[in-house]
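What the coordinates show
The primary structure of each chain is shown beneath.
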Number of protein chains: 2
Amino acid sequence: MKARVTVTLKTGVLDPQGKAIEGALKSLGIEGVESVRQGKVFDIELAGADRARAEDALKAACEKLLANTVIENFRVEIGG
Amino acid sequence: MKARVTVTLKTGVLDPQGKAIEGALKSLGIEGVESVRQGKVFDIELAGADRARAEDALKAACEKLLANTVIENFRVEIGG
């Protein structure tokens, strides 16, 4: 079973990396960029076919390792 | 207009960071993880309401800066 976990910074948390990318895009002449926030994505392959169990395992993975829940939100999507 | 750009490693490209995360998840007792690949996500706020133009700008941004197209794929999703 495939799953995707997306980890993004919470609103209000400063993102200097995103700011730097925004500046770089502007200096490259890409027009219309108002803001950039960078996050992480994890494509995870899981054994078994129990979606509920997979979701629980992935939530535990996010809380223990993949996301810093003080400053980051995470989202778990389970595919086919 | 909001857009999300997802950059992931192409199939076959080694991902030592993903491997390290996979090992860490196993040692934390998260069961059923077969593989992990890490990528990047960019949440971009764009001026204007022309979707086609926004998509062109974002593709240019990916090719010039956000993705290394030799080893990475990118995907552009334009929201509301």
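Everything that follows concerns the structure shown earlier in this document.
Below is a summary of the structure that appears in this document. Since this is a predicted model, take the numbers as computed values, not measurements.

Points about helix α2 (residues 51-66) of chain A
For α2 of chain A, which comprises 16 residues, the first-to-last C-alpha distance of 19 Å sits more than 12% below the rise-based estimate of 22 Å (1.5 Å per residue). For α2 of chain A, every residue scored as buried is listed here: Ala 54, Ala 57, Leu 58, Ala 61, Cys 62 and Leu 66 of chain A. For α2 of chain A, the arc enclosing every buried residue in end-on projection is 145°, short of the 170-degree limit, so these residues lie on one face. When the buried face of α2 of chain A is taken as reference, the exposed residues oriented beyond 90 degrees from it are Arg 53, Asp 56, Glu 63 and Lys 64 of chain A. Looking at the buried positions of α2 of chain A, the neighbouring elements they touch are β1 (2-9), β2 (33-46) and β3 (72-78) of chain A together with α1 (16-27) of chain B. Among the residues of α2 of chain A, the N-terminal cap falls to Asp 50 of chain A, whose side-chain oxygen and the backbone nitrogen of Ala 52 of chain A are separated by 3.1 Å.

A look at the relation of the copies chain A and chain B
One copy of the chain maps onto the second through a rotation around an axis plus a translation along that axis. Expressed as a screw transformation, the operator carrying chain A onto chain B has a rotation angle of 180° and an axial translation of 0.0 Å, and the superposed copies differ by an RMSD of 0.0 Å. The relationship between the two copies is best expressed as a two-fold rotation axis. Closest to the rotation axis within chain A is the C-alpha of Lys 40 of chain A, separated from it by 2.3 Å. Both copies share a contact surface, since 100% of the interface residues of chain A are interface residues in chain B too.

Looking at the side chain of Thr 8 of chain B
Within the secondary structure layout, Thr 8 of chain B lies in strand β1 (residues 2-9). Residue class for Thr 8 of chain B comes out buried when judged on its relative accessible area of 17%. If near-sequence neighbours (up to four positions away) are discounted, Thr 8 of chain B is found in contact with Arg 4, Val 41 and Asp 43 of chain A together with Ile 71, Glu 72 and Asn 73 of chain B.

Focus on the packing of α2 of chain A against α1 of chain B
Where α2 of chain A meets α1 of chain B, the axes come as close as 11 Å, and the angle between the chain directions of the two elements is 110°. By the criterion of interaxial angle, the relationship of α2 of chain A to α1 of chain B is roughly perpendicular. Here Ala 61, Leu 65 and Leu 66 of chain A of α2 of chain A lie close against α1 of chain B, whose contacting residues are Ile 21, Ala 24 and Leu 25 of chain B. A per-class count over the contact of α2 of chain A with α1 of chain B returns six nonpolar, no polar and no charged.

Thoughts on the interface of chain A and chain B
Opposite the 33 residues of chain A that make contact, chain B presents 33 residues. Buried area between chain A and chain B, both sides added, is near 2,700 Å², and the carbon and sulfur share of it is 63%. On the surface where chain A and chain B come into contact, there are two salt bridges. For Glu 31 of chain B, the salt bridge goes to Arg 53 of chain A, with nearest N and O atoms at 3.9 Å.

Brief notes about the sheet that holds β3 of chain A
Strand order in the open sheet made by the six strands is β3(A)-β1(A)-β2(A)-β2(B)-β1(B)-β3(B), with antiparallel pairing throughout. For this open sheet the edge positions go to β3 of chain A together with β3 (72-78) of chain B, each flanked by a neighbour on one side alone. Neighbouring strand axes in the sheet, compared pairwise and without regard to direction, differ in orientation by 20° on average. Where β1 of chain B and β3 of chain B come together, seven bridges link them in antiparallel fashion. Its bridge partner lying in β3 of chain B, Arg 4 of chain B is registered against Glu 77 of chain B. Packed onto the sheet, helix α2 (residues 51-66) of chain B meets β1, β2 (33-46) and β3 of chain B and runs at close to 155° relative to β3 of chain B.

How each quantity is defined
Residues numbered from 1 in each chain as written. Chains lettered and ligands numbered in written order. Predicted model: local features only at pLDDT ≥ 70, side-chain atom pairs only at ≥ 80, totals over all residues. Heavy atoms only, no water. Helix = DSSP H or I, 4+ residues; strand = E, 2+ residues; numbered from the N terminus. Expected span 1.5 Å × (residues − 1). Buried < 20%, exposed > 50% of the residue type's maximum accessible area, 1.4 Å probe, protein only. Arc of directions from axis to C-beta. Contact = heavy atoms within 4.5 Å. Polar contact = N/O pair within 3.5 Å; in protein donor to acceptor, adjacent residues only side chain to side chain. Least-squares fit on C-alpha atoms with pLDDT ≥ 70 in both. Axes fitted to C-alpha atoms, helices over the stretch in contact; angles between N-to-C directions. Parallel < 35°, antiparallel > 145°, perpendicular 65-115°, else oblique. Nonpolar A, V, L, I, M, F, W, Y, C, P; charged D, E, K, R; others polar. Buried area = accessible area lost by both parts, 1.4 Å probe. Salt bridge = Lys/Arg side-chain N within 4 Å of Asp/Glu carboxyl O. Pairing = 2+ DSSP bridges.

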